Amino acid sequence: MYKNLAATLVAACAFSVAAISHAASPAAAAPKPGSASSADPLKVGFVYVTPVLPAGWTRQHDEGRVAMEKALPGQVKSTVVADVPEGADAERVIRDLAATGHQLVFTTSFGYMEPTLRVAQDFPATKFESITGYKTAPNVAVANARYYEGRYLSGIAAARMSKTGVAGYVAGLPIPEVIQGINAFTLGMRSVNPKAQVKVVWINTWFDPPREREAAMTLFDQGVDVMAFHTASTAIMAAAQERGKLAVAYHSDMRQVGPDAQIVAATHQWGAYYTARAKAVLDGTWKTGDVWGGVREGMIRMEGFGSKVPAAVQQEVLVRQKDMASGKILPFAAGKQAIADNQDKPRIAAGQSLTDAQILAMNWLVQGVQGQLPH
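Computed from a prediction, not measured in an experiment: that's the story for all the values here.

> Honestly, the pairing of strand β12 (residues 300-303) in this entry has me stumped. Any pointers?
A regular strand carries its side chains on alternate faces of the sheet. In β12, alternate side chains face the same way, and those of I300 and M302 are buried while those of R301 and E303 on the opposite face are not. By the bridge criterion, four bridges tie strand β10 (residues 262-268) to β12 in an arrangement that is antiparallel. By the bridge assignment, H268 is partnered in β12 with I300.

The following block contains the structure:
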């Protein structure tokens, strides 16, 4: 599966040049087939799996939406439908957006993939973007970020800040994206402390603040002094602040709820992608595709270091981020020794690295992880 955000963003620049030339040509007065009318702004719909909170998964997508509107003033008009459960209700919402004239619809949760595909069959002229999905169609593109890259970098920071060498990890659902994150975080920690351990608790949902908090408290009671998580609220950061522990923020900067607890934030940046895709619809050049961007493309960024993090640790993380952007660091690459799973089975041979296809199909936990995948 080939994914390339850089090409998408370069293409977006080409789209802009083409749009200028198109507008300057008298022969090009009529919009291209499938493009938005120049008389009206492009109607863009966004479907969110949680409310728009001050921080977290949905906050980052909403900031991307706002960035798109700022980049294309007067050319786009967006509609948000938030707190939409995955399943039948999602299909109803997506269908309603398509039926009310939205020419481009972003569905921003893995569980929206199948509902998006079903609606897309009935609205072939509408363009759909399945964020974190993996199935495409002629009018459905997919996009995701290499979240695991931020996980690896935050693992380095967590290992530097941990006094016990034992981290906790509250995980949502056991899909490859989450498994990649657990493994990359553990490998990042063990690149600093080869004996580091990561205790995992699964809550089998993306968004349930009380359960997120309960899981965090359980892990703190088990001797964990740093925390990571793959859930959609700030509950775990708040729990770390309350207990005088440390945590890595995920999705967005969470210092406002954990001013003393936050080590660093692995943030997701969607504005450039949303802008590029809206431009493509405006120019009549939108095509289905499969994008997977990371640190190099600016979709993943380490920022928001907490007040307790020494300057040397901050600098180390930022240097490693540059190394990752240049390709010097691959989270799922073995050095002189093979990388094994937590059942001691070799998974990555010495001197080898996983392909994208292998990363996308990851269904095992790396050595150092205390826990197992739910059945």
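Moving on from the coordinates now.
> Help me understand unusual backbone geometry, please; the structure alone is not making it clear to me.
A negative phi holds for most residues other than glycine; trans holds for most peptide bonds. Unlike most non-glycine residues, T132 shows phi in positive territory, near 75 degrees. Within the secondary structure, T132 sits in the loop between β4 (127-131) and β5 (140-145). With a phi close to 55 degrees, N204 is a non-glycine residue in the positive phi region. Classification of N204 by relative accessible area gives partly exposed; the value is 43%.

> Quick question: what am I supposed to make of the sheet that holds strand β11 (residues 290-293) here?
Pairing between the strands of a sheet comes from backbone hydrogen bonds, and it takes one of two forms, parallel or antiparallel. Read across the open sheet, the six strands follow the order β2-β1-β3-β4-β5-β11; overall the sheet is parallel. Two strands close off the open sheet at either side, each with one partner strand: β2 (76-81) and β11. Here the strands of the sheet are splayed against their neighbours by 20 degrees on average, with no regard to which way each runs. Both strand β1 (residues 42-47) and strand β3 (residues 104-107) contribute to a ladder of four bridges, which runs parallel.

> Would you explain the environment of S130 in this entry?
In this structure, S130 sits in strand β4. Overall, S130 belongs to the buried group, its relative accessible area being 1%. Between the C-alpha atom of S130 and that of T107, which follows or precedes it by 23 residues, the distance is 5.2 Å. Among all residues touching S130, those that are not within four sequence positions of it are T107, M113, V140, A141, V142 and A143.

> For this particular structure, what's the right way to read the nonpolar core?
Nonpolar side chains in soluble globular proteins tend to be buried together. I182, F185, M227, I263 and F332 are the most contacted members of the largest nonpolar core, which has 116 residues in total. Looking at which element gives the most residues to this core, the answer is helix α5 (residues 147-161), with nine residues. Sequence-distant contacts of I182, defined by excluding residues within four places in its chain, comprise Y169, A171, V200, W202, L365 and V369.

Calculation notes
- Residues numbered from 1 in each chain as written.
- Predicted model: local features only at pLDDT ≥ 70, side-chain atom pairs only at ≥ 80, totals over all residues.
- Heavy atoms only, no water.
- Buried < 20%, exposed > 50% of the residue type's maximum accessible area, 1.4 Å probe, protein only.
- Helix = DSSP H or I, 4+ residues; strand = E, 2+ residues; numbered from the N terminus.
- Pairing = 2+ DSSP bridges.
- Axes fitted to C-alpha atoms, helices over the stretch in contact; angles between N-to-C directions.
- Contact = heavy atoms within 4.5 Å.
- Core = buried A, V, L, I, M, F, W, Y, C linked by side-chain atoms within 4.5 Å.

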